[in-house]
There are 8 protein chains.
Amino acid sequence: MDKGYLENILKSVSTGRASVEDALNTLTHMHIEDIDYAHIDHNRSLRKGFPEVIFGEGKTAGQIAGIMGKMAVQEEIILVTRVDEAKAEEVLSGFPEAVYYNDARMIVRKKKDILIKGRGKILVLSAGTSDIPVAKEAYITAQAMGNEVDSVFDVGVAGIHRLFDHRKMIDDASVLIVVAGMEGALPSVVAGMVSRPVIAVPTSIGYGVSFGGLTALFAMLNSCSSNVAVVNIDNGFGAGYMASIINRI
Amino acid sequence: MDKGYLENILKSVSTGRASVEDALNTLTHMHIEDIDYAHIDHNRSLRKGFPEVIFGEGKTAGQIAGIMGKMAVQEEIILVTRVDEAKAEEVLSGFPEAVYYNDARMIVRKKKDILIKGRGKILVLSAGTSDIPVAKEAYITAQAMGNEVDSVFDVGVAGIHRLFDHRKMIDDASVLIVVAGMEGALPSVVAGMVSRPVIAVPTSIGYGVSFGGLTALFAMLNSCSSNVAVVNIDNGFGAGYMASIINRI
Amino acid sequence: MDKGYLENILKSVSTGRASVEDALNTLTHMHIEDIDYAHIDHNRSLRKGFPEVIFGEGKTAGQIAGIMGKMAVQEEIILVTRVDEAKAEEVLSGFPEAVYYNDARMIVRKKKDILIKGRGKILVLSAGTSDIPVAKEAYITAQAMGNEVDSVFDVGVAGIHRLFDHRKMIDDASVLIVVAGMEGALPSVVAGMVSRPVIAVPTSIGYGVSFGGLTALFAMLNSCSSNVAVVNIDNGFGAGYMASIINRI
Amino acid sequence: MDKGYLENILKSVSTGRASVEDALNTLTHMHIEDIDYAHIDHNRSLRKGFPEVIFGEGKTAGQIAGIMGKMAVQEEIILVTRVDEAKAEEVLSGFPEAVYYNDARMIVRKKKDILIKGRGKILVLSAGTSDIPVAKEAYITAQAMGNEVDSVFDVGVAGIHRLFDHRKMIDDASVLIVVAGMEGALPSVVAGMVSRPVIAVPTSIGYGVSFGGLTALFAMLNSCSSNVAVVNIDNGFGAGYMASIINRI
Amino acid sequence: MDKGYLENILKSVSTGRASVEDALNTLTHMHIEDIDYAHIDHNRSLRKGFPEVIFGEGKTAGQIAGIMGKMAVQEEIILVTRVDEAKAEEVLSGFPEAVYYNDARMIVRKKKDILIKGRGKILVLSAGTSDIPVAKEAYITAQAMGNEVDSVFDVGVAGIHRLFDHRKMIDDASVLIVVAGMEGALPSVVAGMVSRPVIAVPTSIGYGVSFGGLTALFAMLNSCSSNVAVVNIDNGFGAGYMASIINRI
Amino acid sequence: MDKGYLENILKSVSTGRASVEDALNTLTHMHIEDIDYAHIDHNRSLRKGFPEVIFGEGKTAGQIAGIMGKMAVQEEIILVTRVDEAKAEEVLSGFPEAVYYNDARMIVRKKKDILIKGRGKILVLSAGTSDIPVAKEAYITAQAMGNEVDSVFDVGVAGIHRLFDHRKMIDDASVLIVVAGMEGALPSVVAGMVSRPVIAVPTSIGYGVSFGGLTALFAMLNSCSSNVAVVNIDNGFGAGYMASIINRI
Amino acid sequence: MDKGYLENILKSVSTGRASVEDALNTLTHMHIEDIDYAHIDHNRSLRKGFPEVIFGEGKTAGQIAGIMGKMAVQEEIILVTRVDEAKAEEVLSGFPEAVYYNDARMIVRKKKDILIKGRGKILVLSAGTSDIPVAKEAYITAQAMGNEVDSVFDVGVAGIHRLFDHRKMIDDASVLIVVAGMEGALPSVVAGMVSRPVIAVPTSIGYGVSFGGLTALFAMLNSCSSNVAVVNIDNGFGAGYMASIINRI
Amino acid sequence: MDKGYLENILKSVSTGRASVEDALNTLTHMHIEDIDYAHIDHNRSLRKGFPEVIFGEGKTAGQIAGIMGKMAVQEEIILVTRVDEAKAEEVLSGFPEAVYYNDARMIVRKKKDILIKGRGKILVLSAGTSDIPVAKEAYITAQAMGNEVDSVFDVGVAGIHRLFDHRKMIDDASVLIVVAGMEGALPSVVAGMVSRPVIAVPTSIGYGVSFGGLTALFAMLNSCSSNVAVVNIDNGFGAGYMASIINRI
């Protein structure tokens, strides 16, 4: 529930356009809305500053559209993650104003342009070509939450000079998101170059003893640089979310 | 190398009190200083905003004192982590102005009072009594890096009302550090209550399938709240460091 | 073999309607019946108070129907778990009186209405939308075994107030089944609120370091609340069964 | 806080012996008492029906005695688990009325005889000689919580006839606790013999691929009997606690 | 290479029907025959008493038939394991005298009836219905290697009386193969009843913490009975082979 | 209970030297004898052909002596495994006729010379010097159970020619026990050379990714030779036991 | 970027055929070329002596062809690994001069014949038939990098005499690549026979506790021979690459 | 057995100073010498170019000295690894000409100066101060095997500029040994800078999810640079050995 939406209801009450009973009813109803397969937590955008995000994996297009429909009344912005192309097409048929980002596998639906609320720039770096989908998920999330975002992809540690070519961009960022699979070494190297917080995202890219991202995850948690904290494997969304709220402090 | 220390050298040059050759020599020498068992990275406090921190585990009291001696010339503050009481006593005999924090197992040595540089307050929460040493390590680190810090210990999820008793302190924090062993559930619950970034620290407390902190770590990485990022098991220092640089953005 | 069924045979003998030889023959035959691919343990409902339950995974519709046919003669109720829709349809063509529960993936076939034998109410709670199938399996099982059952779904710890909205229902339950994937924190929180036994069921919901339910399992076994015991990952049936026999003590 | 203790305070108020202010003060103070290293949850015995149990591992004798001192005023019974002999001796010097159980490594301190509150008998079975300490922890806990308890030790599956020698005791129990290390097979066999709930406790006994109890734990969670739920490795206390509250339903 | 086949060649030489050069050439050629995708080890049946067995998984029907063709000249018996129905049909079109065992997924091709060479009887026991394919693989292998073999399926430990119903068969066996998934408890119980060697075979049957057979494997290796040795998960063939050579000592 | 001992009792009854009541009493009492910390299974040597073996780890010298005392009346031979030197000395003070084998860490106590009951020779091979204690445990056990035993130590695969130097001994054995740590390759190589059963014993020797014997264990279970079965890590006793009963078939 | 190609540009400048600006532009542009989904590191063949190799897995035929097109201008040789047949056909339609190696799943495209740069011969050995694809990947890579290469396949340790038949070839190699799945024992045995470096490649061949190659990997890292180093599971390309640069020292 | 030593014996025979029988006897005896707890493989230095190295862990000072005594007659150089200070002192009392390297925990005993046999320089790099013992083990080994060796310690990726300060030394090396614990990122970065082979050595340095070196090991095996091969955790000796034989090709 967007703050503006709530303000309108309260103003209606104060000006007599709505009775106290009606407003109470609306607000109570909105608190948590039960649509059989989900408890929608409308209170969340007030409490947390951003509405609940819909995790698309394991939900049908119909369920996603159903939840979006309920949220659309009250929220300025709706994010859906982990949606494949076929499902997205079906969802978008009912929300033609929403946009599907193919590489990030996300749907974004906004009522108006997003205001920049972040203090500085967020920079998303990725080690390899195959890490791009996760990096894009972080990018789109951070942008949708009101931040200026930059990105540099395919700058892994096997050719460290490629990283140094982007030195200025790295120095200028206020928060960095570093995405890497395989040996997961990039966050340590980047964090050693800056004094800003680095959110490290391991990806499931690799084979053999990459263990679907575990090796990268453990390497990042063992980083010899102290300005690193880590999110779950392939969790680009979580990294974008965390970077955003850091950027607003 | 503290910025003020560098400024003094440069001023000496500009006013003719020191020759260019001497200054060059001093600065080059300072860049990285080799004392046989360590490359001291004096450049670090310039580059990262805080000097290198001495990891005490596996170093003798003599080695710790040796590194402290080299750093003491140029740094305003020196932190040593993971030092047991006996070793600390030996180190402090040479640095009587330094302070040993028994529960956090840390030595702090400062030249003058620490200036508050953080924007808001950092809050350290711990789930159990046994998690306190790790929580204290985070507390002392955040304080030494120039932040106001509060703490509440022993508020685990088995008695969730204890947590709600501290609701105001939780709402007022700009960054939260949440320390928990065993099932590691506290960060999820706390992060669900606030819109601020939460740094989660798993501890090695527990037995059986706690796996020395792994279960808590994985639970935290799986948090259903998005404003959580995680550091290594028992890494209170890293959490305090990360929270500090977030609090300065 | 239902107790009533056995009673009938014995009465026939005592009244002379059946000879001792015939009865002996019938009972011996019933003890364990071999239908090539299974030893049906007819003695079980006498020994354990509930007939053997058919685990549908890895059995063909024909095999399931075959076993059901043998059991139908003697048992009041038959449960089949882990049956997908296509297989269920095939099975039900021969047992039109049986019911298929789509979300729980179970078939229930009963001769008459189930008598309530449990002392109190069993409550099934689930953390997320995706945990519902496992929760429903527990629900249907507990109901089929003669209990009053209630349920609340999607009350995970990231929005802990949703849980408190159902406080009364939680306080009134005599046994609680708590189903959760990801970080598996819900059982600890719920168990801290009540003095009743909590059966925790980890689910395979999650990604990355959720390890197909292992993280939730280990978190539950590490619960800082003592009134928690745990069953295998996704084992909703086992939790429903265990809760039922606890509710009858 | 024992219910009787609370009743006394309230009666004092109602009869004018204590002012409302004093009573309020006493009760608020008692709610949660902070003794620096612990938040004592006096409210717990009201909420959960049994006071908080002191986990002795990692606490000094002084800390244990300190917590016991605070609890002794208000609680009828106090349990301390995982206390070695030396520590116990030190604690008991201040509480001569308390008893130390050497094999269970527990301290029990009670004000008066424990009333039997359980409906039936609890039976504790253990597979091997080395599992006895864990089995005894379960035994003492269940007894202290007001149950009649029986036990049979060293009846592992390699000599299954030893188990059948105790058939009657097994059939008569209302709840069974089965303790086993190594291959952890005993709970499955026992649960197959009875219709009552079985709480399985894996122990860390074994070598090689026993993995400190993990193999036994996983075997128990995979039990082909449905009336089994499991607690953490070596958690005799938890099993005794869980069996007790089941026995009271 | 069957011993009889070799004898014939040598006799031809001794009687002058074949020259030394020809015989030498034949024997050398036979030693190891290279058919591009395999080194066929014809020497093996001499050295080991049984020809190489063809592991069907990952080989095409064409490759299997190719190897069988080369072996058919010299070997009395050929076994192929892990062949699905479609592939088997294709292979059998070229070897109409061979037999495909559907449940064991094996092809057996023999020139004449197999002589019984084993001293006693081999007994194959399986815990559940789903373990039957692995049990059958052991059965067919032991039979093909010249042993009398008996079997009892679906006698798991959850209904231990089913096992005792077969007591005589168990007592009479000279070697026992015990196949079980899930908690893998059956070999321990059976081995406790007999003085003969037990070959335990874990199967990949189960879910959750059965870990595709690992839990059963580790339970079997931890058996508290000493007359148990273990083979790889689902390795029915290996168990049948090992039991056979034990039965011949 | 030795068969001869039983025979004596029965003869006393048949000749009237003992009453039926007395004999019954003696035999019942002997069945399973409870000495507080253990159920001694006297029936075992009748049922299994060899008395229970005392696992010394985790038992005090007093407990070991106590069990030996009870067994000594009825058994021809007593084995104790995993006893360190100090404990052994204490035990032997009460059983001067017993022998302690330092490298195998075993105590053997026999009433008279052991009869050879095995058909052929058992050969114990070990890969490295550090594997000798486990190999010796197997050696002593097989010898004590009435077998001729040979051994060759330190013939690992890094110098495969050392193995071939002992070809004749390898060919002559009826059962082979192969002990190896680190990469655990020796059993595969040896099993490829013979047609006899090979019992493989992984040891905990190694460092890094030897994982205390797990790597050797898994390598052995994956052996490309089919005449291999495996026992638990460091379980020399189990291998000696298994080889013995194989050798008697 | 091939050295010859660079030389041509520089000669053009020195002879005036190209201006300094043009050459600078060309070289800068070549350094790293961004084609949206990849940073092509043209500098690599200068720095590392061999151009970047295209990892085909997870790339579309179009992306592979796109990268090949950019590289083709400047490189003498292009390797693509992990390409299935369908994809390869599509790629080759645009590069008819390139060759697809079916068993190694590689594409090789060369401008002219490869010069032999290696000092000695590289020998590729594989343990089983199923390991051949990985062995062939190593073979083709080493050949493409300018080495004489030999190979022997299917010489596993279960028939060690097959290995000794190739003794001369083994003794003559300057570097050996040994490929094995299952128990991974072959590298240890081979390394024990030679004084040359052995690169061990574990493969994912096996079942049960082969863990997709982990057991072979750990066995190889534990090799009791010291002249062994290991690459990732199934990484035939890496082994061929490493052997090549060793062979050039 | 040193080649010179063998030459002397043969010359004695050819000149008649020794009889053929004596020489034969000496040589046969030398082949493999059995000193009860070890088979000394005197043939090894002929076959492999370097004598067997004594792994000191788990051997007593007496055993080490015993083996050294046997080897000293025939070998030019003897290496002992993993010897602590106390044990070394005891060993050196009998071999005063041997040298103990405290940080590498090695004993080196040589008859004369070591000839340089390697083609180029070997460079040993380590990431942290705590990795130095492993790095020194590699250093001493490579030196003892006849190579020029350089080293740079404490150049981890958190301060990547420290690495670039040593660029020339890195470019000049013919083989590189890179030692790192924690996240194990250094080998990837270094290998990306050079065209020479890199032997990566993971160390057990770290805490939490460093898993005693496993994370570093897996990161190194996942290196995105192809010129990397890996040895076991903490195996500095193996890396030095492997680098030496590479350097001789």
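All values reported here derive from a predicted model rather than from experimental measurement.

Residue and element names in this part refer to chain A. Partitioning chain A into domains gives domain 1 (3-110) and domain 2 (121-248). In this complex, domain 1 contributes 13 residues to the contact, which on the side of domain 2 involves 13 residues. For the pair domain 1 and domain 2, the summed buried area comes to about 1100 Å², and 65% of that belongs to carbon and sulfur atoms. Together, Phe-50, Arg-82 and Asp-103 form the three largest contributors to the area buried by domain 1 at its contact with domain 2, with a combined 39%.

The next thing to look at is the packing of aromatic side chains. By the definition in use, this model includes 40 aromatic pairs over all chains. Look at Phe211(B) and Phe218(C): their rings are 4.9 Å apart centre to centre, the planes differ by 80°, and that puts the pair in the edge-to-face class. Of this pair, Phe211(B) sits in the loop between β10 (198-202) and α10 (214-221) while Phe218(C) sits in helix α10 (residues 214-221), which puts the two residues in different chains. Residue classification places Phe218(C) among the buried positions, given a relative accessible area of 9%.

The next point concerns a positive patch on the surface. A cluster of basic residues, Arg119(E), Arg196(E), Arg119(F) and Arg196(F), forms a positive patch on the protein surface. Residue position: Arg119(E) is located in the loop between β6 (106-110) and β7 (121-126).

What follows is about the interface of chain B and chain A. If you look at the interface, chain B gives 34 residues, while chain A gives 34 residues. Of the roughly 2800 Å² buried between chain B and chain A, counting both surfaces, carbon and sulfur atoms make up 62%. Inspection of the chain B/chain A interface yields 0 salt bridges. For the interface between chain B and chain A, the tally reads 2 residue pairs in polar contact (both at pLDDT 80 or more). Of all the secondary structure elements, the ones that give two or more residues to the side of chain B that touches chain A are α3 (44-48), α9 (186-193), β10, α10, β11 (228-230) and α11 (236-247) of chain B. The dominant element in the side of chain B that touches chain A, judged by the number of residues it contributes, is α11(B), at 7 residues. A class-by-class count of the residues in the side of chain B that touches chain A yields 20 nonpolar, 10 polar and 4 charged.

Once that is clear, we can look at the relation of the copies chain B and chain C. You can overlay chain B on chain C at an RMSD of 0.1 Å; the transform is a turn of 180° with a shift of 0.0 Å along its axis. The two molecules are tied by a two-fold rotation axis, judged by turn and shift. When each C-alpha of chain B is compared by its distance to the rotation axis, Ala185(B) comes out closest, at 2.6 Å. Here 100% of the contact residues of chain B are again contact residues in chain C; the copies associate through an equivalent surface.

Take the pairing of strand β10 (residues 198-202) of chain H next. All names here are of chain H. Burial runs high along β10: 5 of the 5 residues are buried. Where strand β9 (residues 175-180) meets β10, 5 bridges bridge the pair, whose relative direction is parallel. Note on β10: the bridge partner recorded for Ala-180 is Pro-202. For the crossover from β9 across helix α9 (residues 186-193) to β10, the handedness is right-handed. Bridge count for β10 against strand β11 (residues 228-230) is 3 bridges, and the pairing is parallel.

Attention now goes to the interface of chain B and chain C. Contacts between the two partners involve 22 residues from chain B, matched on the other side by 22 residues from chain C. In total, chain B and chain C occlude about 2000 Å² of area from one another, counting both sides; carbon and sulfur atoms represent 71% of this. Of all residues in chain B, Ala158(B), Glu183(B) and Asn222(B) bury the most surface against chain C, accounting for 29% of the area lost on that side. Seen at the junction of chain B and chain C, the total is 0 salt bridges. Taken together, chain B and chain C are joined by 6 residue pairs in polar contact (both at pLDDT 80 or more). If you list the elements that add at least two residues to the side of chain B that touches chain C, you get α7 (160-164), α9 and α10 of chain B. Per element, the largest residue contribution to the side of chain B that touches chain C is 4 residues, and it comes from α10(B). Its residues placed into classes, the side of chain B that touches chain C shows 14 nonpolar, 7 polar and 1 charged.

Residue and element names in this part refer to chain A. Judged by pairing direction, the sheet is mixed, and its 4 strands sit side by side in the order β3-β4-β6-β5 without closing on themselves. What marks the edges here is a single partner per strand, and that holds for β3 (54-55) and β5 (99-101). As paired elements, β3 and strand β4 (residues 77-81) share 2 bridges and run parallel to each other. By the bridge assignment for β4, Phe-55 is matched with Thr-81. Packing against the sheet, helix α4 (residues 61-72) makes contact with β3, β4 and β6 (106-110), and its axis sits at approximately 165° to β4.

Within the secondary structure layout, Val189(G) lies in helix α9 (residues 186-193). Between the alpha carbons of Val189(G) and Ser244(G) there is a distance of 22 Å; along the sequence they are 55 residues apart. Look past the residues within four positions of Val189(G) in its chain and what remains in contact with it is Val157(F), Ile160(F), Val189(F), Val157(G), Ile160(G) and Leu163(G).

Turning next to helix α11 (residues 236-247) of chain G. All names here are of chain G. Between its terminal C-alpha atoms α11 stretches 16 Å, which fits the 16 Å expected from 12 residues at 1.5 Å a residue. Of all 12 residues that make up α11, 12 are buried, and the element is covered over most of its length. Among the residues of α11, Gly-236, Phe-237, Gly-238, Ala-239, Gly-240, Tyr-241, Met-242, Ala-243, Ser-244, Ile-245, Ile-246 and Asn-247 are the ones counted as buried.

The next thing to look at is the side chain of Asn247(H). Summarising the element assignment, Asn247(H) is placed in helix α11 (residues 236-247). Side chain to side chain, Asn247(H) and Asn147(H) meet in a polar contact 2.9 Å long. Once residues within four sequence positions are removed from consideration, Asn247(H) is found in contact with Ile249(G), Gly118(H), Arg119(H), Gly120(H), Ile122(H), Asn147(H), Ser174(H) and Val175(H).

Let us look at the relation of the copies chain B and chain A. By a simple turn and slide, chain B fits onto chain A: the slide is 0.0 Å along the axis, the RMSD is 0.1 Å, and the turn is 180°. Taken as a fraction of all interface residues of chain B, those also at the interface in chain A reach 100%, which identifies the copy contact as same-surface.

Right, let's talk about the pattern of salt bridges for a bit. Residue and element names in this part refer to chain E. If you walk through the whole model with that rule in mind, you get 63 salt bridges over all chains. For Arg-162, the salt bridge identified is with Asp-154, shortest N-O distance 4.0 Å. Judged by its relative accessible area of 7%, Arg-162 falls in the buried class.

Right, let's talk about the side chain of Thr81(H) for a bit. Residues and elements named next belong to chain H. When you line up the elements, Thr-81 lands in strand β4 (residues 77-81). Thr-81 gets classed as buried once you look at its relative accessible area, which sits at 2%. Sequence-distant contacts of Thr-81, defined by excluding residues within four places in its chain, comprise Val-53, Ile-54, Phe-55, Gly-56, Glu-57, Arg-105, Met-106, Glu-137 and Phe-237.

Another aspect to go through is the packing of helix α4 (residues 61-72) of chain D against helix α5 (residues 85-92) of chain D. Residues and elements named next belong to chain D. The geometry of α4 relative to α5 is characterised by a closest axis approach of 9 Å and an angle of 45° between their N-to-C directions. The orientation of α4 relative to α5 falls into the category oblique. As for how α4 packs across α5, the hand of that crossing is right-handed. Between α4, through Ala-61, Ile-64 and Met-68, and α5, the contact on the second element is made entirely by Lys-87, Glu-90 and Val-91. Of the residues contributing to the contact of α4 with α5, the split by class is 4 nonpolar, no polar and 2 charged.

About the criteria used
- Residues numbered from 1 in each chain as written.
- Chains lettered and ligands numbered in written order.
- Predicted model: local features only at pLDDT ≥ 70, side-chain atom pairs only at ≥ 80, totals over all residues.
- Heavy atoms only, no water.
- Domains from an automatic or database assignment.
- Contact = heavy atoms within 4.5 Å.
- Buried area = accessible area lost by both parts, 1.4 Å probe.
- Phe/Tyr/Trp six-rings, centres within 6.5 Å; stacked < 30°, edge-to-face > 60°.
- Helix = DSSP H or I, 4+ residues; strand = E, 2+ residues; numbered from the N terminus.
- Buried < 20%, exposed > 50% of the residue type's maximum accessible area, 1.4 Å probe, protein only.
- Patch = residues over 30% accessible without salt bridge, like charges linked within 9 Å, V, L, I, M, F, W, Y side chains within 5 Å.
- Areas by Shrake-Rupley, 256 points an atom, 1.4 Å probe, with all protein chains shown as cover.
- Salt bridge = Lys/Arg side-chain N within 4 Å of Asp/Glu carboxyl O.
- Lys, Arg positive; Asp, Glu negative; His and termini not counted.
- Charge placed at Lys NZ, Arg CZ, Asp CG, Glu CD.
- Polar contact = N/O pair within 3.5 Å; in protein donor to acceptor, adjacent residues only side chain to side chain.
- Nonpolar A, V, L, I, M, F, W, Y, C, P; charged D, E, K, R; others polar.
- Least-squares fit on C-alpha atoms with pLDDT ≥ 70 in both.
- Pairing = 2+ DSSP bridges.
- Right-handed = clockwise from strand over helix to strand, strands pointing away.
- Axes fitted to C-alpha atoms, helices over the stretch in contact; angles between N-to-C directions.
- Expected span 1.5 Å × (residues − 1).
- Parallel < 35°, antiparallel > 145°, perpendicular 65-115°, else oblique.
- Left-handed = near helix turned anticlockwise from the far one by under 90°.

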